[in-house]
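# Coordinate inspection notes
Residue-level listing of the chains:
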Amino acid sequence: MPDGRPFFVIGQWSGPDLTVWQIQQAPDDPDELNEAYEEIRWDAHDADGSVEIVYTASATEAEATARREAAETAERIRQALTRQRERRNGTSRRRRKVHHHYR
């Protein structure tokens, strides 16, 4: 089980940016947590938002963790898209090793 208590971070993610609407402590019991998550997820979805479950010591830490994870995820996606575009265009920054064969 992750460290800390579970918190629902409810809001709207847009790349590295996160608009937090609400943070609330989630139930510790896994069954109750799943049930509460599904209910909150549908409500957030109806408002064009989403919910993340974050395990931390406090609501303040939950918000900071969610913001950090949003930025890290956006950066990983940006890097993957850049690599994909470079492969497609043949402009990869990695140098290819050329083997010369002499007789």
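Notes on the structure follow.

Here is what the cut-offs are and how they apply
Residues numbered from 1 in each chain as written. Predicted model: local features only at pLDDT ≥ 70, side-chain atom pairs only at ≥ 80, totals over all residues. Heavy atoms only, no water. Phe/Tyr/Trp six-rings, centres within 6.5 Å; stacked < 30°, edge-to-face > 60°. Lys NZ or Arg CZ within 6 Å of the ring centre and 35° of its normal. Helix = DSSP H or I, 4+ residues; strand = E, 2+ residues; numbered from the N terminus. Buried < 20%, exposed > 50% of the residue type's maximum accessible area, 1.4 Å probe, protein only. Contact = heavy atoms within 4.5 Å. Polar contact = N/O pair within 3.5 Å; in protein donor to acceptor, adjacent residues only side chain to side chain. Core = buried A, V, L, I, M, F, W, Y, C linked by side-chain atoms within 4.5 Å.

## Considerations on the packing of aromatic side chains
- Scanning the model with the defined rule gives one aromatic pair in all.
- Directly above the ring of W42 sits R41, whose terminal nitrogen or CZ lies 4.9 Å from the centroid.

## Some words on the environment of R5
- On the secondary structure map, R5 appears in strand β1 (residues 5-14).
- Judged by its relative accessible area of 37%, R5 falls in the partly exposed class.
- Expressed as a C-alpha distance, the spacing of R5 and I53, which sit 48 residues apart in the sequence, is 9.8 Å.
- Leaving out residues up to four positions away in the same chain, R5 has contacts with Q25, V54, Y55, T56, A57 and S58.
- Polar contacts involving the side chain of R5 include one to the main-chain carbonyl oxygen of A57, which spans 2.7 Å.

## A closer look at the nonpolar core
- By size, the foremost hydrophobic cluster in this structure holds seven residues: F8, I10, A26, L33, I40, A44 and V51.
- No other element matches the three residues that helix α1 (residues 30-46) contributes to this core.
- In contact with V51, not counting residues within four places along its chain, are F8, V9, I10, W13, Y37, I40, R41 and A44.
- Core analysis: the next-biggest nonpolar cluster, separate from the first, contains six residues, F7, V54, A62 and A66 among them.

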